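These are the residues of each chain, in order.
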Amino acid sequence: ISSAYQINDIYLGYVQKIFTNINAAFVRLSYYNKSGFIHASDTKVYKGLRKHKDILASLSLKQKLLIQIVKEPTRSKGPRVTENISLTGNYVILMPFNNTLCIPNQVYDRNERMYLRALGILIKPSTMGLLFKESAVGIPEDNLIQDLLNLKKQWNFIQKAALTTSCPSLLYKDQDIIKKILRDSYNNNVTNIIIDSKVGFKKILYTLNYGKKI
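Residues numbered from 1 in each chain as written. Predicted model: local features only at pLDDT ≥ 70, side-chain atom pairs only at ≥ 80, totals over all residues. Heavy atoms only, no water.

Thoughts on the overall build of the protein
Part 1 of the reasoning: In terms of helices and strands, the protein carries five helices and 10 strands.
Part 2 of the reasoning: Taking all 214 residues of the protein together, the buried fraction comes to 42%.
Part 3 of the reasoning: Taking all contacts inside the protein whose residues are at least 6 apart in sequence as the whole, residues at least 24 apart take part in 64%.
Part 4 of the reasoning: Of the roughly 13,000 Å² of accessible surface on the protein, a fraction of 54% belongs to carbon and sulfur atoms. (Helix = DSSP H or I, 4+ residues; strand = E, 2+ residues; numbered from the N terminus. Buried < 20%, exposed > 50% of the residue type's maximum accessible area, 1.4 Å probe, protein only. Contact = heavy atoms within 4.5 Å. Areas by Shrake-Rupley, 256 points an atom, 1.4 Å probe, with all protein chains shown as cover.)

Right, here's the structure in full:
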């Protein structure tokens, strides 16, 4: 696994330094790379602290944190990180620490919005947030449910790894570039996909749920 920080990577780190003057902290993510930067606004949402968050009310030195990369590092700065983790599937996004149900503004059809909201109420985990992507429009219910189940399994794996892994450690990384591109960029407006690999072609068909046997 590459040690380079990438957006959506999930790490188990610890608070290295706290800067009360800027309401932020540095989080040690690796012994060999730059520390991550977390602002108080990117710590877990606590009741009573939503309007004004004091970093000392959220974090303490040496505290272990499960965080996600939201902005990759530059030559002079480390990565920007958040505790508000999200896991992205083909059609839905699971937000373990944000108990909301969201339909994107790009879904204009009123009936489709009502359908997705009704389905979301039925399948959303009680303590987690769920966001339907624009790509969820027109997708069979079973596919949407399976996408959510896959993300829940992924989250369970990350939680278990956090309990058994030394700190700091990388816990999760998107490794398959084809799946990542399809997941983040594919929507109903895409009419053609060009690829120069038979293996990659099969992965595309599998990922888009056209069938496992090709």
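So that's the structure; there's more coming.
As for the environment of I93
Part 1 of the reasoning: Along the chain, I93 turns up in strand β7 (residues 92-95).
Part 2 of the reasoning: Owing to a relative accessible area of 15%, I93 belongs among the buried residues under this scheme.
Part 3 of the reasoning: When sequence neighbours within four positions are dropped, the list of residues in contact with I93 reads S86, L87, T88, G129, L130, L131, K133 and L151.

Description of the side chain of S135
Part 1 of the reasoning: Within the secondary structure layout, S135 lies in the loop between β9 (129-132) and α3 (141-164).
Part 2 of the reasoning: S135 sits in the buried class, given a relative accessible area of 4%.
Part 3 of the reasoning: Here N90 takes part through its backbone oxygen, which lies 2.7 Å from a polar atom of the side chain of S135. (Polar contact = N/O pair within 3.5 Å; in protein donor to acceptor, adjacent residues only side chain to side chain.)

Topic: the pattern of salt bridges
Opposite charge on two side chains allows them to pair when their charged atoms are near.
Part 1 of the reasoning: Taken as a whole and assessed by the stated rule, the structure comprises two salt bridges.
Part 2 of the reasoning: Note that K173 and D9 form a salt bridge whose closest N and O atoms lie 2.8 Å from each other. Within this pair, whereas K173 is found in the loop between β10 (169-172) and α4 (177-185), its partner D9 is found in the segment before β1 (10-19), the two being separated by 164 residues in sequence.
Part 3 of the reasoning: For D9, a relative accessible area of 0% puts it in the buried group. (Salt bridge = Lys/Arg side-chain N within 4 Å of Asp/Glu carboxyl O.)

Focus on the layout of surface pockets
Rolled over the atoms, a probe sized like a water molecule indicates the empty space that remains.
Part 1 of the reasoning: Quantified by volume, the second largest pocket comes out at close to 260 Å³.
Part 2 of the reasoning: What lines the second largest pocket is a set of 14 residues, among which F37, K77, G78, P79 and R80 lie closest to the centre.
Part 3 of the reasoning: Grouping the constituent residues of the lining of the second largest pocket by class yields four nonpolar, six polar and four charged. (1 Å grid on protein atoms, 1.4 Å probe; cavity = no way out; pocket = protein on both sides within 12 Å on 5 of 7 lines; lining within 4 Å. Points joined across faces, edges and corners; volume = space filled by probe spheres on them. Nonpolar A, V, L, I, M, F, W, Y, C, P; charged D, E, K, R; others polar.)

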